[in-house]
Amino acid sequence: MIVALDMQLALGTATGIGEYARGLADALRECGVGVVELDEPKLDPWRFDRRVVWDQFVLPRRARRSGASLLHCTAGTMPVRLPLPTVVTVHDVAWLRVQSHTRPYARFYFGKMALHRYPRADAIAVDSEFSKRELLELAGVAPDRVHVVYPGVAQDFCSLRRRPSDERIVLVPGTVERRKNLEVLIRALPHLPGARIVSVGPFTAYRNECLQLAQQTGVAERIEFRGYVPRAELLDLYAACTAVAVPSRYEGFGYAAAQALCAGTPVVVSDRASLPEVAGESAVIAAADEERQWIDAIARIMSDPGSANRHAEMQRDRSIARFAWAAGARKMIEVYSGVLGHSRS
């Protein structure tokens, strides 16, 4: 079996999808699958026009010439003309649910156009049961063609040694965008003496709204927006922080929560979308828009960090077993085998 993987979003400042593609490629190789990585550094994956050129022209041409038996589109978009039997990973349908503030052409391409293409895929992988329900509600896809395959968490998180700092750092990983709901933490911060927020992830215009809110609430000096940080710095923050907070209103999976669980870091997640599914019984769950619940949850961790860290460490092995890349890769290979078996029959 040789699989051509779309790795374009793993270039440069890779976010969750890039982490997914890189982890999947490595795990498939460890399972004995031949992997051909497809990318083009000359095409900026974060420019819309370059992304369309990649998806619709360069990717199918490279896949056709790759010698692979199957193409896996890892970023939720597909070529109009499929060059090979194709699996697509649909991480979420956020473009149709919570991205109304974005540009219409982007909403069309990543939302309605992508949704229209999914029935043409030979199989669809989704990151959670939540994402499966969302997709089945919106797309005319047979349920038996949609497979839940949890993304894996990289080994450097799973083997991380916690070194909690005396600073009361609430770490908020992820792109600073509206659906990530950072404002609920900003409103909570005046009621959490000594705590400070460290946000790590690329900026959008939403950051300016957060800064304005922080100034209005008198906590601007207690919020740090670091932007995209190197891997080593990110791991150091997971090791040192008091807690990871994931207050998102919409997540197809929630990598930040899964990474925190596998790192043995106390974590608080919102009650929306896939986050309760990912957290299970291993994390505290707070209502997305109820700042009082966030205040209480974070205050409890800060008041007894030793207990919070012991609980997180006790849950760690269970989380690693759920989100190990080896398990995800084996399940994905079953999906590939089903597609290739069907295409040969």
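Use the structure listed above.
Here's what I pulled together on the structure shown here. (Residues numbered from 1 in each chain as written. Predicted model: local features only at pLDDT ≥ 70, side-chain atom pairs only at ≥ 80, totals over all residues. Heavy atoms only, no water.)

So, the sheet that holds strand S4 (residues 86-90)
Keep this limit in mind: Here, a strand pair is defined by DSSP locating no fewer than two bridges between the strands. What counts as a helix is a DSSP run of H or I of at least four residues, what counts as a strand is a run of E of at least two, and both are numbered from the N terminus. Only the stretch in contact is used when a helix axis is fitted, and all axes are lines through C-alpha atoms; the angle between N-to-C directions ranges over 0 to 180 degrees. Contact definition: two residues touch when any of their heavy atoms are within 4.5 Å.
Spatial strand order, S2-S1-S3-S4-S5-S6: 6 strands in an open sheet with parallel pairing. In the strand order of this sheet, the two ends are held by strand S2 (34-38) and strand S6 (146-148), each with one partner. Across the sheet, the mean angle from the axis of one strand to that of its neighbour is 25°, orientation sign disregarded. Across the sheet, helix H1 (residues 16-30) is in contact with strand S1 (2-6), S2, strand S3 (70-73) and S4; its angle to S2 comes to roughly 155°.

Things to note about the pattern of salt bridges
Formally: Just to be clear on terms, a salt bridge is a Lys or Arg side-chain nitrogen sitting within 4 Å of an Asp or Glu carboxyl oxygen. Here the term buried applies to any residue with accessible area under 20% of the maximum for its type, exposed to any over 50%, and partly exposed to those in between, with areas from a 1.4 Å probe on protein chains only.
For the structure shown, the criterion picks out 25 salt bridges. Here Arg-22 ties to Glu-37 by a salt bridge, and the two come within 2.9 Å at their closest N and O atoms. Here the residue Arg-22 occupies a position in helix H1, and Glu-37 occupies one in strand S2, the gap between them amounting to 15 residues. Assessed through its relative accessible area of 27%, Glu-37 is described here as partly exposed. For the salt bridge of Arg-29 with Glu-37, the shortest nitrogen-to-oxygen distance reads 3.0 Å. Connected via shared salt-bridge partners are Glu-167, Arg-196, Glu-224, Arg-226 and Glu-233.

Here we look at the sheet that holds strand S8 (residues 195-200)
Taken together, the 6 strands give an open sheet; going across it, the order is S9-S8-S7-S10-S11-S12, and neighbouring strands pair in parallel fashion. Bordering the open sheet on either side are strand S9 (223-227) and strand S12 (284-286), each of which pairs with just one other strand. Shown here is a sheet whose adjacent strand axes are inclined to one another by a mean of 25°, direction ignored. Pairing analysis gives 2 bridges linking strand S7 (residues 168-173) to strand S10 (residues 243-246), with the strands arranged parallel. Across the sheet, the residue bridging to Val-170 is Ala-243, located in S10.

Some words on the packing of helix H10 (residues 255-263) against helix H13 (residues 305-323)
Counted only if it meets this: Put simply, angles under 35 degrees are roughly parallel, angles over 145 are roughly antiparallel, angles from 65 to 115 are roughly perpendicular, and the rest are oblique. For a crossing to be left-handed, the near helix must be turned anticlockwise from the far one by less than a right angle; the clockwise case is right-handed.
In the contact formed by H10 and H13, the axes pass within 7 Å of each other and the chain directions differ by 130°. Between H10 and H13, the interaxial angle falls into the category oblique. When the axes of H10 and H13 are compared, the crossing they make is left-handed. Residue-level inspection shows Ala-258, Leu-261, Cys-262 and Ala-263 of H10 in contact with H13, the latter providing Arg-316, Ser-319, Ile-320 and Phe-323.

As far as function goes, none of this settles anything; it's purely spatial.
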